[in-house]
Amino acid sequence: MRINVTRSSMPAMDEYMEEIRSLWDSHWLTNNGEKSIALKAELEKYLDCPHAELFCNGHLALEALLRAMGLHGEVITTPFTFASTTHAIVRCGLTPVFGDICPGDCTLDPDKAEALITDKTCAILPVHVYGRLCHVERFEEISRKYGVPVIYDAAHAFGVTKNGVSAAAMGYASMFSFHATKVFHTIEGGCITTGDADLCQRLCVERNFGIAGEESTPGVGGNAKMNEFQAAMGLCNLRRIDGDIAARKLLYELYEAELSGLVDFLPQQEGVVSNYAYLPVFFSNQAQRDQVYDQLKQQQIFTRKYFYPLVTQFECYQGKPGFDPAATPVAAQRAAAVLTLPLYPDLTEEDVQRICAAIRGVIA
Ligand SMILES: *Cc1c(COP(=O)(O)O)cnc(C)c1O
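Everything numeric here is computed off the predicted structure, so don't read it as measured data.

The rules behind these values
Residues numbered from 1 in each chain as written. Predicted model: local features only at pLDDT ≥ 70, side-chain atom pairs only at ≥ 80, totals over all residues. Heavy atoms only, no water. Near = heavy atom within 4 Å. Polar contact = N/O pair within 3.5 Å; in protein donor to acceptor, adjacent residues only side chain to side chain. Areas by Shrake-Rupley, 256 points an atom, 1.4 Å probe, with all protein chains shown as cover. Helix = DSSP H or I, 4+ residues; strand = E, 2+ residues; numbered from the N terminus. Nonpolar A, V, L, I, M, F, W, Y, C, P; charged D, E, K, R; others polar. Phe/Tyr/Trp six-rings, centres within 6.5 Å; stacked < 30°, edge-to-face > 60°. Buried < 20%, exposed > 50% of the residue type's maximum accessible area, 1.4 Å probe, protein only. Lys NZ or Arg CZ within 6 Å of the ring centre and 35° of its normal. Salt bridge = Lys/Arg side-chain N within 4 Å of Asp/Glu carboxyl O.

Asker: I keep staring at the site of the ligand and nothing clicks. Help me out?
Answerer: In the region of the ligand, 16 residues are neighbours, and Gly58, His59, Asp153, Ser177 and Lys182 sit closest. One nitrogen or oxygen atom from the side chain of Ser177 is found 2.7 Å from an oxygen atom belonging to the ligand. Residue Tyr306 places a side-chain N or O atom 3.2 Å away from an oxygen atom belonging to the ligand. Taken by itself the ligand offers 380 Å² of open surface, and the protein chains cover 94% of this. Counting only elements with at least two residues in the shell around the ligand, the list comes to helix H4 (58-68), helix H5 (83-91) and strand S8 (173-177). Broken down by class, the residue content of the shell around the ligand amounts to four nonpolar, 10 polar and two charged.

Spelled out as structure tokens, the structure:
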């Protein structure tokens, strides 16, 4: 039987049907309807943050954030991320400047980031990778010292906390993705969390064609609203989220026990309660990683080289100044060795044992 790297968590069909029933009474399908108003309130509670503005997906939420902040110039960021982070920066007319990552958690190294600050720097955009957090205290310090806002790509960090503080309350603002493959999803979707009410106002305008009122269009905005069917899926999924994360944790620990000594896992972070969004393991070299990937595929086990290649190796950025994978050797080394293994709440223990046996069969 085929095992994919992930499988979307879904409510019982009846529960979703019940949730969307009222939409047939109201005929109100998008534009800030009752479901998205309810989901916004539930998320602000669950994520323990003052404001969560909903979007049709995480990527457009990030683009809207960069635009609503009125940024110009350079954004210091990491090459060890999904295409979205860098593409958002570039598509908003900004220049990404890449710093290397910390080997222990694969997040942007604050010292490397600090060394890249110039008078052109308008923001720092680190990524909380795999459900682990960035070195947020150091970034807070750097932000204050230089007066540069830190905004997080928190696409992987739904529900993650450090010493009781939510990832959604860190930095000036954070983007969460609610894509079907994420820990919490609305099929497609996302949000921006922030403590700045004025920014929320600008995000709402940006999300809705730049329209601020019936006869007022101050901005050249896009369309990035979440619709009511997405929000209804979110309301259902939020009811199961704690159970889903607990199931992920148990499976994660089983993998650790089964593969201990054979591959490297990232160490736990002090004070951090993770959401176990992904299961990255690191092999001794790229050849071994690729061999495991190929062999598992032949056994119908589909893993992912996530994140490989680095963003700085993408064809679309080839030859562009500043896009040099050799400038971030730790990221290049991690990208060459990583494989993310299947992890989702209804993966069975037998599945994990089968996957681990297949890996042992290749490298033991
Ligand atoms: C999923 C993801 C995004 C994009 O989110 P979408 O909701 O799919 O648009 C951005 N950054 C990272 C790191 C992601 O994993």
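There's plenty left to go through after this.
Asker: Looking at this structure, how should I read the packing of aromatic side chains?
Answerer: For any pair of aromatic rings, the description consists of the separation of the ring centres together with the inter-plane angle of the planes. All told, the structure shown has 17 aromatic pairs when counted by the stated rule. Between Phe80 and Phe307 the ring centres are 5.3 Å apart and the planes differ by 85 degrees, which places this aromatic pair in the edge-to-face class. Here the residue Phe80 occupies a position in the loop between strand S2 (74-77) and H5, and Phe307 occupies one in the loop between helix H11 (286-298) and helix H12 (329-337), the gap between them amounting to 227 residues. Here the two residues Phe80 and Phe307 agree in accessibility, since each one is buried. Three or more aromatic residues joined by ring pairs form one cluster here, namely Tyr46, Phe158, Phe176, Phe178 and Phe184. Geometry around Phe302 places Arg2 over its ring, the cationic atom sitting 3.8 Å from the centre. Cation over ring: Arg289 sits above Tyr308, and NZ or CZ is 4.5 Å from the ring centre.

Asker: Quick question: what am I supposed to make of the pattern of salt bridges here?
Answerer: Oppositely charged side chains can pair when the atoms bearing their charge come close. Under the counting rule described, the total for this entry stands at 21 salt bridges. The partner of Glu53 in a salt bridge is Lys40, with the nearest N and O atoms 3.3 Å apart. Pair noted here: Glu53 is in strand S1 (residues 51-55) and Lys40 is in helix H3 (residues 34-46), with a separation of 13 residues, a long-range link. Accessibility expressed as a relative area gives 7% for Glu53, which makes it buried. For Lys45, the salt bridge identified is with Glu42, shortest N-O distance 4.0 Å. Linking Lys45 with Glu42, this pair stays in helix H3, spanning three residues, or about one helical turn. Residue class for Lys45 comes out exposed when judged on its relative accessible area of 61%. For Glu42, a relative accessible area of 35% puts it in the partly exposed group.

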